[in-house]
Amino acid sequence: MKKVTINSVASYAGVSKKTVSRVLNNEPNVSDATREKVLKVFKELDYTPNPIARGLAQNRSFIIGCIYDNPSKSYITRVQTGALAACQGNNYNLLIHPCDLRGDALISNIEHLLHSSRLDGLVLTPPFSDFKVLVDFLKRKKIPYARVASAVLEDDSISVRSNDEQGAFEITEHLIKLGHKAIAFIKGHPDHSATEQRFKGYRRALSTHGIEFNERLVEEGNFSYHSGVDSARSILDLTPRPTAVFASNDYMAAAVLKLATQRQLKVPNDISIAGFDNAPIARHIWPGLTTIAQPVEEMTKQAVTKLIEHIGDPQEQPYQVTLEARLITRESTAQVK
């Protein structure tokens, strides 16, 4: 069977090879009607672009890199889902790469990754999205990048985040409206900007409702289930015991729920528990966790889409968007008895 080439598509569609290339790369300056006609020919001829030839022709690899250092496998899976959706819609490939933020060789490792994989751009997820040393390195090297869930908004970068501070405020306020005043809080990893944002939201809700902040009710976690177990042990040992616990993510909240159950405490009758992120575990355990739905997939999809547009057109305007974090109430929270 004869191989279908870009020339075949151009001839069949009655357009130039350059027009086919523009449609293939999702570039501007193509009318909607022409774009639809070329896309239809792609399907009819079952055309699959040759990534190597395409890359050589345009001096691109058509590969986007995404780096992470996050203990939550669920979070990374959701990041990957959003990034893949954007890449597939723009005929790009995705390379997911774990990195150690605190490693001595981080910058040299990133530099090696960029050169060895010929990445066209890089997506920074927390905690890298707010790591100034890395951002400055990418700017200096003129490497296109986009940041997901960054607390810092810059005028010259692509950044998509959710309002973690407001989300934490709303879930704390939800507990307060249920009559809770002694609300314990478990922080996340200190390297993640979300940790401070969620803590700020918690404190703002207490202040708004005239509840005095109590340092004894705050524990240091790191977004992992095991850190949640350690924090839960300290919180449940307090006298008097808090009537509610707000953990900075769902895995730590699930750990609190397990330990409370082991101690014969009924959730939510004896203690209410809330988390953050709306990870799968929040829906799969019983009682289901009251939490904040963070649009991780959509944040990543938008960030990658805009990054690809910027790679194709460096004059594209910077893009900063804050998406809504939404309160989801389930069975783990209830009125104070």
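As named in an unreviewed UniProt entry, the protein is LacI family transcriptional regulator, taken from Pseudoalteromonas arctica.

Colleague: Please clarify how the sheet that holds strand E5 (residues 158–162) should be interpreted in this entry.
Modeller: If you walk across this open sheet you meet the six strands as E2-E1-E3-E4-E5-E11, and the pairing is parallel. Two strands in the sheet have a free side with no partner beyond their single neighbour: strand E2 (93–98) and strand E11 (319–323). Mean inter-strand twist for the sheet, computed between neighbouring axes without regard to direction, equals 15°. Two strands pair when backbone bridges link them, and strand E1 (residues 63–68) and E2 are joined in this way by six bridges, in the parallel orientation. Considered in E2, the bridge of Cys66 is made with Ile96. With respect to the sheet, helix H13 (residues 296–312) is in contact with E1, strand E3 (121–124), strand E4 (145–148), E5 and E11, its orientation differing from that of E5 by roughly 170°.

Colleague: Is there a simple way to think about the domain arrangement of the protein in this case?
Modeller: By a widespread convention, an interface's size corresponds to the accessible area lost as its parts come together. Per the domain assignment, the segments of the protein are domain 1 (6–49), domain 2 (58–162 + 296–324) and domain 3 (164–294). A straight line from the C-alpha centre of domain 1 to that of domain 2 covers 28 Å. Between domain 1 and domain 2 the total buried area reaches about 440 Å² when both faces are included, carbon and sulfur atoms providing 31% of it. Counting the surface domain 1 buries against domain 2, the share from its top three residues, Leu24, Asn25 and Asn26, is 70%.

Colleague: In this structure, what is going on with the nonpolar core? I would like to understand it.
Modeller: Within the largest apolar cluster, 41 residues are counted, with the highest numbers of intra-cluster contacts made by Ile183, Ile186, Tyr202, Val245, Phe246 and Ile273. Those elements that provide at least two residues to this core are helix H8 (164–177), strand E6 (183–186), helix H9 (193–208), helix H10 (225–236), strand E8 (244–247), helix H11 (250–262) and strand E9 (272–274). If you tally residues by element for this core, the top one is H11, at six residues. The contacts of Ile273, once residues within four sequence positions are left out, are Val245, Ala253, Val256, Leu257, Val267, Leu289, Thr290, Ser332 and Thr333. Ranked by size, the runner-up nonpolar core spans 25 residues in total, among them Cys87, Val123, Ile308 and Ile311.

Colleague: Just checking my understanding: could you explain the pattern of salt bridges for this structure?
Modeller: Should their charged atoms come close, side chains of opposite charge can pair. With the rule as written, the count across this model stands at 11 salt bridges. One salt bridge in this structure joins Lys132 and Asp136, with 2.7 Å as the shortest N-O distance. Here Lys132 pairs with Asp136, and both are found in helix H7 (residues 132–140), just four residues apart, close to one helical turn. The class for Asp136 is partly exposed, based on a relative accessible area of 28%. Its salt-bridge partner being Asp164, residue Arg198 comes within 3.0 Å of it at the nearest N-O pair. Here the residue Arg198 occupies a position in helix H9, and Asp164 occupies one in helix H8, the gap between them amounting to 34 residues.

Parameters at a glance
- Residues numbered from 1 in each chain as written.
- Predicted model: local features only at pLDDT ≥ 70, side-chain atom pairs only at ≥ 80, totals over all residues.
- Heavy atoms only, no water.
- Pairing = 2+ DSSP bridges.
- Helix = DSSP H or I, 4+ residues; strand = E, 2+ residues; numbered from the N terminus.
- Axes fitted to C-alpha atoms, helices over the stretch in contact; angles between N-to-C directions.
- Contact = heavy atoms within 4.5 Å.
- Domains from an automatic or database assignment.
- Buried area = accessible area lost by both parts, 1.4 Å probe.
- Core = buried A, V, L, I, M, F, W, Y, C linked by side-chain atoms within 4.5 Å.
- Buried < 20%, exposed > 50% of the residue type's maximum accessible area, 1.4 Å probe, protein only.
- Salt bridge = Lys/Arg side-chain N within 4 Å of Asp/Glu carboxyl O.

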